[in-house]
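As a plain string of letters, each chain reads:
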Amino acid sequence: MKKRILSGAQPTGELHLGNYLGALKNWVALQNEYESFYCIVDLHAITLPQDPQVLKQKTLDLARIYLAAGIDPDVSTVFVQSDVAEHAELAWVMSCVARMGELERMTQFKDKAKDGTERAGVGLFTYPVLMAADILLYQTHLVPVGQDQKQHLELTRDLAERFNRDYGETFVIPDPYIPPVGAKIQSLSDPEKKMSKSDENLNGAIFLNDSADVILKKFKRAVTDSSTDGIVFDEERKGLFNLLTIYQSVTDQSRDEIESHFAGKGYGHLKTELAEAVIEYLKPFQAKMAELNDEELEKILQKGAEKARSVASETLRKTYERVGLHKK
Ligand code: AMP
Ligand code: TRP
């Protein structure tokens, strides 16, 4: 039997190159090797205020993005989190396993609670518990995510281990898969910060549907430095390092190859070549985005939800049984 993958992204904002290289690219690469479940986590999306109509549309759009990126619905299970009630049900049980102190240590909560933790929603606080439920429901072995999700994965493992110890062996303990290249793409305008959906500076992120002109313009404006040490991978030179990392991820070349390719060249040259490489890289994705209609997507999501339910319901039944809950 193949080992399982589960991962997901929130249907909010615009997906950017960081999401693509940190997550989606790896989901596609791993889908044949594992039995894969790729979820659109709309229950996570409502941990911050969302416009209901927009959320609905974004959910379908994200399904389109998954498929256009190369996730094959005949190979992988693509589904929406709220279609599978077991996610919310297991999240409740896991919230009785998790401790306040461990959730208080989650750095994302503080980052996202912009108006202060006192005014933040309780759902934003328990967000990582729902994420643990997403993963544990599918007896997942591997969770491909970007670097920013590592702490949530550690919590998931802790909760699963605690549950298994207290109630008997129930959950597979999942491992994170954080790609060696591209797990942390930084903002083009501020290389100290990660590329993000919520960046106020629109030049900081390359969005997946950006036109060739816009991509070129954004890379041309990308922040670098005034060093004369040439184009080399140096983590201290954050802006340059980020551009080279993007180049490495989209071309799949080695660091040595890239450094010798750019030897003696300037930043202007690097930026133009990088923009061209990214434009080419996104072309097949962008073409496919235009082809997938809503009706087809709805069918795929319905089939996906049925498949997901068949696995999730079995884990939930076992969990309820272990805990002594009555549900038949
Ligand atoms: P989100 O859009 O926040 O639901 O994130 C979806 C996936 O993209 C997660 O696996 C994140 O870890 C990943 N991700 C988000 N931002 C970045 C980034 N700047 N670099 C690499 N991966 C990212
Ligand atoms: N928290 C993840 C993010 O913001 C999204 C997510 C929710 C997820 N549930 C998950 C990722 C389960 C992997 C597995 O990117």
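What comes next concerns the included structure.

Thresholds, definitions, all that
- Residues numbered from 1 in each chain as written.
- Chains lettered and ligands numbered in written order.
- Predicted model: local features only at pLDDT ≥ 70, side-chain atom pairs only at ≥ 80, totals over all residues.
- Heavy atoms only, no water.
- Helix = DSSP H or I, 4+ residues; strand = E, 2+ residues; numbered from the N terminus.
- Rg over C-alpha atoms; globule rule 2.2 N^0.38 Å.
- Buried < 20%, exposed > 50% of the residue type's maximum accessible area, 1.4 Å probe, protein only.
- Areas by Shrake-Rupley, 256 points an atom, 1.4 Å probe, with all protein chains shown as cover.
- Axes fitted to C-alpha atoms, helices over the stretch in contact; angles between N-to-C directions.
- Left-handed = near helix turned anticlockwise from the far one by under 90°.
- Contact = heavy atoms within 4.5 Å.
- Nonpolar A, V, L, I, M, F, W, Y, C, P; charged D, E, K, R; others polar.

**With respect to the overall build of the chain**
Broken down by element type, the chain carries 13 helices and 5 strands. A globule of 328 residues ought to have a C-alpha radius of gyration of about 20 Å, and the chain, at 21 Å, matches this closely. Projected onto the principal axes, the alpha-carbon positions of the chain cover approximately 70 × 45 × 40 Å. Taking all 328 residues of the chain together, the buried fraction comes to 49%. A total of about 16000 Å² of accessible surface is found on the chain, and carbon and sulfur atoms cover 50% of it.

**A look at the packing of helix 10 (residues 238-251) against helix 11 (residues 255-262)**
Two numbers describe how helix 10 lies on helix 11: the axes approach to 10 Å, and their chain directions differ by 115°. Judged by the twist between their axes, the crossing of helix 10 over helix 11 is right-handed. Contact with helix 10, carried on its side by Phe241, Leu244, Tyr247, Gln248 and Thr251, involves Arg255, Ile258, His261 and Phe262 of helix 11 and no other residues of that element. Among the residues making up the contact of helix 10 with helix 11, the classes are represented as 5 nonpolar, 3 polar and 1 charged.

**Observations concerning unusual backbone geometry**
Unusually for a residue other than glycine, Gln139 sits at a positive phi of about 50°. Tracing the backbone through its elements, the reader meets Gln139 in the loop between helix 7 (122-136) and strand 4 (142-144). The buried category is assigned to Gln139, whose relative accessible area is 14%. A positive phi angle, near 55°, is found at Asp252, a position not held by glycine. Position of Asp252 relative to the elements: it lies in the loop between helix 10 and helix 11.

**Some remarks on the environment of His152**
Looking at the secondary structure, you find His152 in helix 8 (residues 150-167). Residue His152 is classed as buried on the basis of its relative accessible area of 2%. Between the alpha carbons of His152 and Ala205 there is a distance of 24 Å; along the sequence they are 53 residues apart. Excluding residues that lie within four positions of it along the chain, His152 makes contacts with Met106, Gln108, Tyr127, Pro128 and Met131.

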